[in-house]
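What follows is the residue order along each chain.
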Amino acid sequence: MNQEDNRQMEDFQTLPDAELTSDEVRRNIAEENELKRMGDSLPDEKEPEEQESVKKIMEAFTSDDGEEVRVNWSLSSVLGGDILNAHWFRKHAFFFLYVIILTILYITNRYASQQATIKIAKLKEELKDTRYDALIRSSELLQKCRQSQVEEYLRARGDTTLQPSSQPPIEIKAR
């Protein structure tokens, strides 16, 4: 760095409201030197005021000092995509992406749990119907296996070979 750069750096550091780091100061000095060189290369036919306005315009277009661009919050600007160029949107883009991913996961999880609940309800209803069918079948079987029902069935068919015993059963005593 030459003496002029050192002087410029001291001027930047002594400004009361400047809270710039040394890297920012060096960058600003380099930009000023570049603008001076560009200003020197401008044709002499331009007036000094015009050169100054050209320098200001160049600084405005090339500076990235974090100025927020105001976005008109109208429906056409939102639908047109102008809002995507806003500084705050670019600053919080990853947060928006994170929220969108969490929302998608929440909706997916909710849908899966609803589907599982519906399936559980269907299976419970099917189990209930199957239990009723099993109870009906077992009661029908018990009804048809009674001795009186078997005898009545045989009489209705006309089968005379089987007759109920006229003597009571004999008890066998074990020693």
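Structure: see above.
This report concerns the structure included in the present document. These numbers come from a predicted model, not from an experiment.

1. Some words on the environment of glutamine 143
1) Next: Locating glutamine 143 in the fold gives a position in helix α6 (residues 93–144).
2) Next: Take glutamine 143: its relative accessible area is 37%, and that puts it in the partly exposed class.
3) Next: Within the structure, glutamine 143 has its side chain in polar contact with the side chain of arginine 146 (distance 3.4 Å).

2. Some thoughts on the packing of aromatic side chains
1) Next: Enumeration over the complete set of coordinates arrives at 2 aromatic pairs.
2) Next: Plain terms: the ring middles of phenylalanine 95 and phenylalanine 96 are 6.3 Å apart, the flat faces sit at 50° to each other, and that makes the pair tilted.
3) Next: On the basis of relative accessibility, which here comes to 28%, the residue phenylalanine 96 falls in the partly exposed class.
4) Next: Ring-pair connections join several aromatic residues into one group, and the members of that group are Phe89, Phe95 and Phe96.

3. Re the pattern of salt bridges
1) Next: Applying the stated criterion across every chain yields a total of 2 salt bridges.
2) Next: Here glutamate 151 and arginine 155 are joined by a salt bridge, their closest N and O atoms 3.7 Å apart. Of this pair, glutamate 151 and arginine 155 both sit in helix α7 (residues 147–157), 4 residues apart, roughly one helical turn.
3) Next: Looking at glutamate 151, the relative accessible area reads 23%, which means it is partly exposed.

About the cut-offs
- Each chain has its residues counted from 1, following the order in which its sequence is written.
- With the structure being a predicted model, the display of local features is reserved for residues of pLDDT at least 70 and the display and counting of side-chain atom pairs for 80 or more, all residues being used for whole-chain, interface and lining totals.
- Side-chain measures were taken over the full set of non-hydrogen atoms in the model, leaving aside hydrogen atoms and water.
- A helix here means a DSSP run of H or I that spans at least four residues, while a strand means a run of E at least two residues long, and both kinds are numbered starting from the N terminus.
- Here the term buried applies to any residue with accessible area under 20% of the maximum for its type, exposed to any over 50%, and partly exposed to those in between, with areas from a 1.4 Å probe on protein chains only.
- For this analysis, a polar contact is any N or O atom pair within 3.5 Å, provided that within protein one partner can donate a hydrogen and the other can accept it, and provided that sequence-adjacent residues contribute only side-chain to side-chain pairs.
- Side-chain rings of Phe, Tyr and Trp, where Trp is taken by its six-membered ring, are said to pair if the distance between their centres is within 6.5 Å; with planes under 30 degrees apart they count as stacked, over 60 as edge-to-face, and otherwise as tilted.
- Salt bridge, as used here: a side-chain nitrogen of Lys or Arg that lies within 4 Å of a carboxyl oxygen of Asp or Glu.

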